[in-house]
Amino acid sequence: MSPGVERRSLILRGVLDLCVLSLLQDRPVYGYEISQRLAEQGLTMAGGSTYPLLARLEKGGLVSIQMLPSESGPPRKYYSLTTGGREALEEGRMEWRSVSAAISGLLETNASIQAQEALHD
Amino acid sequence: MTSSVEHRPGDSRFDVLDQAERIWRQVGVRRGDRRSMAADLDAEIVAAQDDGGDVDDVLGGDRAATLREWADASDTSGRALRLPLILPAALAGVLVAFGTVLLLLIWATVTRNVELPEPILLTLYGTSAVIALVLADVAVWLVLRHNGDPRATRTARCLVGTLPVGALAATGAGVGVAALFHFDHPEVSFPLCVVAALVVMSGAVALSRYWATRRRAGKPKSVNISGQIPM
């Protein structure tokens with residue numbers, strides 16, 4: 001795994017619960033669909049990561065479950081946000097904004113210093 | 001999400017469900033939970049296949065690890081009582097300890113014709129009882145650990161408390177049965193004493209396991225949960 005991919009994976013690992021909670025805020029979604037929608041956003045994760053995470057979210061009372069019939073095959077388990085899940089998402093969103101702003105500020109400042117030094121040279 | 005084109009043996013939906021059943025049974029998931037989780041897994045596999053995906057899209061490359069993690073995350077692993085596994089192990093531990101002491105006594109008194117003084121005999125009996133309890137505890141821990149049960153240590157800890165109490169109760173039960181026969185008719189009373197003692201000891205082991213497999217009450221809700229997600 002290249003350093004870039006590894007870093008991206010580590011960052012995603014830290015906020016994957018927020019990404020999943022965010023996907024659930026509009027409508028109930030089933031497990032496989034969550035993986036797909038994350039992949040559509042460019043957030044590709046290893047197969048099999050979703051289900052243990054959903055089980056943890058369920059255990060933590062952040063998502064609720066509803067069994068709905070599917071057009072093919074057995075009924076599917078749909079996940080939706082609970083009130084606790086919405087609160088956790090909001091808290092997480094604020095934390096993310098604060099952390100990402102601080103990191104962006106740091107990285108951009110250093111980048112502009114380096115650019116100025118390069119100009120002087 | 002990428003689908004692997006190459007199909008491995010055992011890729012059919014039913015093969016995967018069989019594998020899940022084996023793994024969840026091995027890690028001590030109760031039958032009802034296994035059924036419910038298998039229904040979820042089946043629905044997810046069908047959803048993936050409908051969309052042109054495959055089993056790997058649902059469970060990843062290391063299916064066994066994902067299935068185990070799934071059971072751990074949903075707090076269903078290590079919840080089965082598994083009495084057919086742990087009762088023989090505990091009783092075997094007790095039998096090995098007492099059997100060894102019995103053989104030692106037979107060797108000393110019958111073969112070598114040595115008359116052991118009372119304090120030595122008492123020490124021997126006491127020591128054998130302690131060794132029996134330790135061996136029973138270790139045997140249960142080993143057999144659970146060998147089967148990948150996540151509550152093996154917790155069960156062994158519970159046994160540390162219940163086995164001595166169970167041993168005392170088993171002794172009481174044995175004496176009680178013998179008393180019913182006025183300490184006579186050994187051909188009937190002795191086997192009944194042994195059965196009573198075994199039933200009481202088995203009850204103590206079962207009780208320990210029951211305590212060890214209960215859900216912890218008032219567990220704090222975890223929000224910071226993504227740290228353990230394999231990417």
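Residues numbered from 1 in each chain as written. Chains lettered and ligands numbered in written order. Predicted model: local features only at pLDDT ≥ 70, side-chain atom pairs only at ≥ 80, totals over all residues.

Is there a simple way to think about unusual backbone geometry in this case?
Excluding glycine, residues mostly have negative phi values, and the peptide bonds linking residues are mostly trans. All names here are of chain B. Located in the positive-phi region is Asp75, a residue other than glycine, with phi close to 60°. Take Asp75: it is sitting in the loop between helix H4 (63-73) and helix H5 (83-111). A positive phi angle, near 55°, is found at Arg82, a position not held by glycine. Positionally, Arg82 belongs in the loop between H4 and H5. (Helix = DSSP H or I, 4+ residues; strand = E, 2+ residues; numbered from the N terminus.)

What's the story with helix H7 (residues 152-180) of chain B in this structure? I'm lost.
Structurally, the α-helix is built with 3.6 residues per turn, so residues lying three or four positions apart point the same way. All names here are of chain B. For H7, the principal kink sits at Val160 and spans about 35°; a proline, Pro164, occurs within the next four residues. Packing partners of the buried residues in H7 comprise helix H6 (118-146) and helix H8 (186-213). At the C-terminal side of H7, His182 shows a positive phi close to 55°. (Bend = angle between axes of the 7 residues up to and from the residue. Contact = placed C-beta atoms within 7 Å.)

Help me understand the interface of chain B and chain A in this model?
How large an interface is tends to be reported as the accessible area lost when its parts come together. Between chain B and chain A, the contact holds 29 residues from the first and 36 residues from the second. Contributions of two or more residues to the side of chain B that touches chain A are made by helix H2 (31-50), helix H3 (55-59) and H4 of chain B. Examining the composition of the side of chain B that touches chain A, we find that 9 residues originate from one element, H2(B), more than from any other. Its residues placed into classes, the side of chain B that touches chain A shows 15 nonpolar, 5 polar and 9 charged. (Nonpolar A, V, L, I, M, F, W, Y, C, P; charged D, E, K, R; others polar.)

Just to check I follow, could you spell out the environment of A:Glu71 for this structure?
All names here are of chain A. One can find Glu71 in the loop between strand E2 (63-68) and strand E3 (76-81). Of the residues examined, Glu71 has 5 C-beta atoms within 10 Å and is grouped as exposed. On a C-alpha basis, the gap between Glu71 and Ile113 in space is 58 Å, while along the polypeptide they are 42 residues apart. (Buried ≥ 20, exposed ≤ 12 C-beta atoms within 10 Å, placed from the backbone.)

Is there a simple way to think about the packing of helix H1 (residues 13-26) of chain B against H4(B) in this case?
A packed helix pair is summarised by two numbers, namely the angle formed by the two axes and the spacing between the axes. All names here are of chain B. Close contact between H1 and H4 brings their axes to 10 Å; oriented N to C, the two are set at 55°. On the basis of their axis angle, the class for H1 and H4 is oblique. When you trace H1 past H4, the crossing you get is right-handed. Contact with H1, carried on its side by Val16, Gln19, Ala20, Ile23 and Trp24, involves Arg63, Ala64, Leu67, Arg68 and Ala71 of H4 and no other residues of that element. (Axes fitted to C-alpha atoms, helices over the stretch in contact; angles between N-to-C directions. Parallel < 35°, antiparallel > 145°, perpendicular 65-115°, else oblique. Left-handed = near helix turned anticlockwise from the far one by under 90°.)

Any chance you could explain the pairing of E3(A) here in plain terms?
Each regular strand carries side chains that alternate between the two faces of the sheet. Pairing of strand E1 (residues 29-30) of chain A with E3(A) involves 2 bridges; the strand directions are antiparallel. Its bridge partner being in E3(A), A:Val29 is matched across the sheet by A:Tyr79. (Pairing = 2+ DSSP bridges.)

Nothing here speaks to function; it is all geometry.
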